[in-house]
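Below, each chain spelled out in residue letters.
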Amino acid sequence: MINYIIRRILWAIPVLLIISLVTFGLLHVIPGGPFDEEKPLPAEIIANLDAYYGLDDPLWKQYTDYLWNALHGDFGPSYSSRSRTVNDIISDHFPVSAQLGALALIIAMIVGVPLGTVSALKQNSFLDYSCMFFALLGVSVPAMTLGPVLIWFFALKLRILPVARWGTLQQAILPAFTLGIGRAALLARLTRASMLQVIREDYIRTARSKGVSERNVTIHHALKNALIPVVTVIGPMFAALVTGSLIVEQIFAIPGCGKYFVTSITNRDYPVVLGIMLLYAFLIIMANLIVDLTYAWIDPRIKYN
Amino acid sequence: MELKLKREGKFEDKTVTSERPEVSLWKDAFRRMCKNKMAVLGGIIIIVLLILAIFAPYIAPYHYAEGNLKDNFAQPGSKFLLGADFMGRDLLSRIIYGTRISLSVGIIGAVTAFIIGVFYGVVSGYYGGKVDNIMMRIVDIMYGFPTLLLIILLMVLFKSTFAVTTPGTFAATLGDIDRAFGGLFFIFIGIGITAWIGIARIARGMALSLREKEFIEAARATGNSNLQIILKHVLPNLIGPCIVRVTLAIPGYIIYEAFLSFIGLGVNPPTPSWGMLISEGYKAMHSYPYLAIYPGLALAIAMLSFNFLGDGLRDALDPRMK
């Protein structure tokens, strides 16, 4: 088991390396440098800037320098915000994306899991069909539709919530809801399917015949086991929410990493792009690893060698 | 041609024969899907969208680029059924033309993902061993890439590299193709590069398990070559779940394209994409919210119908739910 963990963690290193190499290569194939966009600078100044940032070194040297610094925790300066390093930028913006993702996940769990459970317990009733219909809607309606609709309804028409930006709890409600409702629907379907399977198991029948109250049967016996697939899905879901919050960040003008990524590519801010890309890739890899480990820990029948 | 299967059995000392027609997998699945009202609804909506996309010039009241500035922000009424945008162009017509973009991205994305993914997965799963190892490593690496970020990076790359107009060079020809498509060509490539991975995994898993089954061994024993086995036995068993997975992935492709157009990395204006319509309408949300909401509704309806259809397909092809 320990071997498996170590192997998986070690495997993450070449993956990150290749991702950094591909991103670095793509960035340098894109025409235009970091200093072309603003007011046209005289050639000598551009040459000076290039020399200062090491941009006139051969590409392989730039890459190995970047790797060496990155291994020491220094992800380079930002070319567009000259006074900040990439570490500063990420520590400023990533918590925002993470908070948004966490809030969305909480909404997804609070809405999705009870809905799925109730649907399973009352299978094929009107309640079941309507819950699953709303779940299907939630999965299908994208953030780009839901966002403007929610903004129009709550912010413009009813005027009870602010339109955009980030900072207060009220500002967080609409974007977290937009982001989370799709996942809530997914969790509802997953919980329902899993619960349906668990309820038919023999040990539930045993518990009932032993006289355990229906409520206890549901919560202490059925739900605990039904939630296993749900729990394993939560890790990647969080990673997906954080890395996918790009769309919601654009709609609600939230200063998170995703929005910054797009502007950084346009400004050819190479270190920032690389930094965000590697951070997101790392999150995804770690989330998948934690999921596999949690699965093996919860279900003793699974053995990894 | 319908084969009739004859069954003979004994029932209270009487011999009973019954005949029933042989049903193929697809006929059976189609019959089951027709019973699923949601799937049928999804299918009908998709057909309507297809008709809108193909016959857009005949159905839409105006051309998508024609507009008179003095009509800008006109309210919905008899002249402009859903209102006009900031340049006086009819919103309804633009939404109808936008169907073309979204549907072509969805379908071409699905077809590319299917072809590349199934091919890759089957080769990897069937031949196994080292080949499988290496091919799956590559898939694992691509799986670790944040897809949206990669697509954005690729789109910036394509748009800036191939924007040159010096005639005769390869870059310029690609740029011309792109312009002819209204900016879609590179989106196809971008989505195609990332879309095949999920299908490849499924195809490979199925090929791996099919490889061990006895009928494959029997086929090999009767002298079939590997290629024949793959074509006659492995592929037909794979196709069902792969088609389901691809159909359910189409809304994802549509959303990618819509988002790319939303941030300006998608189709070139004035070609209307729903994402671009939402982005344009968004800027005027405070006074004309319907400009952003109607295209959003179109987007949601398209995604919904593909999800219904995909769900129905999956249930219809699932042998456990007969």
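Just so it is clear, the model here is predicted, and its values are computed rather than measured.

## A short note on the overall build of chain B
- In terms of regular secondary structure, chain B is built from twelve helices and two strands.
- Helices (α) and strands (β) of chain B occur, in sequence order from the N terminus, as β-β-α-α-α-α-α-α-α-α-α-α-α-α.
- Every one of the 322 residues in chain B was classed for burial, and the buried ones make up 42%.
- In chain B, 68% of the contacts between residues at least 6 apart in sequence involve partners at least 24 apart.

## What to know about helix H12 (residues 290–317) of chain B
- Here H12(B) contains 28 residues, and its C-alpha end-to-end distance of 40 Å stays within 8% of the 40 Å for a straight helix at 1.5 Å per residue.
- H12(B) sits mainly inside the fold: 22 of its 28 residues count as buried.

## Examining the confidence of the model for chain A
- Taken as a whole, chain A shows an average pLDDT of 83; of its residues, 96% reach a score of 70 or greater.
- Per-element mean pLDDT across chain A ranges from 80 in helix H2 (residues 43–53) of chain A up to 89 in helix H4 (residues 86–121) of chain A.

## Remarks on the confidence of the model for chain B
Residue and element names in this part refer to chain B.
- In the predicted model, chain B carries a mean pLDDT of 83, and the fraction of residues at 70 or more is 89%.
- The weakest mean pLDDT in chain B belongs to helix H7 (residues 170–180) at 66; the strongest belongs to helix H2 (residues 37–54) at 91.
- Scoring of the predicted complex yields 0.84 for pTM and 0.81 for ipTM.

## Brief notes about the environment of A:Thr266
Residue and element names in this part refer to chain A.
- Looking at the element boundaries, Thr 266 is found in helix H11 (residues 257–266).
- A count of 17 C-beta atoms within 10 Å places Thr 266 in the partly exposed class.
- Along the backbone, Thr 266 and Lys 157 are 109 residues apart, and their C-alpha atoms lie at a distance of 35 Å.

## So, the packing of helix H6 (residues 147–161) of chain B against helix H8 (residues 185–211) of chain B
Residue and element names in this part refer to chain B.
- Put simply, H6 and H8 touch, their axes get as near as 10 Å, and they point 145° apart. Considering how the two elements wind past one another, H6 and H8 form a crossing that is right-handed. Residues Thr 147, Leu 150, Ile 151, Leu 154, Met 155, Phe 158 and Lys 159 of H6 touch H8, and the partners they reach there are Phe 186, Ile 189, Gly 190, Ile 191, Ile 193 and Thr 194.
- When the residues that make up the contact of H6 with H8 are grouped by side-chain class, the tally is nine nonpolar, three polar and one charged.

## Details of the environment of A:Ile290
- Mapped onto the elements, A:Ile290 comes out in helix H12 (residues 270–298).
- In the structure, A:Ile290 is positioned 58 residues away from A:Thr232 in sequence and 8.6 Å away in space, judged by C-alpha atoms.

## As for the interface of chain B and chain A
- Each partner contributes to the interface: chain B provides 34 residues, whereas chain A provides 34 residues.
- Contributions of two or more residues to the side of chain B that touches chain A are made by helix H5 (129–144), H6, helix H10 (226–262), helix H11 (274–283) and H12 of chain B.
- The element best represented in the side of chain B that touches chain A is H12(B), accounting for nine residues.
- In the side of chain B that touches chain A, the residues fall into 26 nonpolar, seven polar and one charged.

## Focus on helix H3 (residues 59–71) of chain A
- Across its 13 residues, H3(A) extends 18 Å between first and last C-alpha, which sits within 8% of the 18 Å expected from 1.5 Å per residue.
- After H3(A) finishes, the residue A:Gly73 shows a positive phi value of roughly 90°.

## Some remarks on the packing of helix H6 (residues 143–157) of chain A against H12(B)
- Between H6(A) and H12(B), whose axes approach to 8 Å, the crossing angle comes to 145°. Crossing of H6(A) over H12(B) shows left-handed handedness. Counting all contacts with H6(A), which are made through A:Met144, A:Thr145, A:Pro148, A:Val149 and A:Trp152, the residues of H12(B) involved are B:Ala292, B:Ile293, B:Gly296, B:Leu297, B:Leu299 and B:Ala300.
- A breakdown of the residues in the contact of H6(A) with H12(B) according to their chemical character gives nine nonpolar, two polar and no charged.

## Points about unusual backbone geometry
Residue and element names in this part refer to chain A.
- The backbone of Ala 253 sits at a positive phi, close to 55°, despite the residue not being glycine.
- Here Ala 253 is to be found in the loop between helix H10 (246–252) and H11.
- One non-glycine residue, Arg 268, lies in the positive phi region at around 55°.
- Take Arg 268: it is sitting in the loop between H11 and H12.
- For Arg 268, a count of 22 C-beta atoms within 10 Å translates into the label buried.

## A look at the environment of B:Lys35
- For B:Lys35, the location among the structural elements is in helix H1 (residues 25–35).
- Along the primary structure B:Lys35 and B:Ile45 are separated by ten residues, whereas in three dimensions their C-alpha atoms are 16 Å apart.

Rules behind the numbers
- Residues numbered from 1 in each chain as written.
- Chains lettered and ligands numbered in written order.
- Predicted model: local features only at pLDDT ≥ 70, side-chain atom pairs only at ≥ 80, totals over all residues.
- Helix = DSSP H or I, 4+ residues; strand = E, 2+ residues; numbered from the N terminus.
- Buried ≥ 20, exposed ≤ 12 C-beta atoms within 10 Å, placed from the backbone.
- Contact = placed C-beta atoms within 7 Å.
- Expected span 1.5 Å × (residues − 1).
- pLDDT = per-residue confidence, 0-100.
- Axes fitted to C-alpha atoms, helices over the stretch in contact; angles between N-to-C directions.
- Left-handed = near helix turned anticlockwise from the far one by under 90°.
- Nonpolar A, V, L, I, M, F, W, Y, C, P; charged D, E, K, R; others polar.

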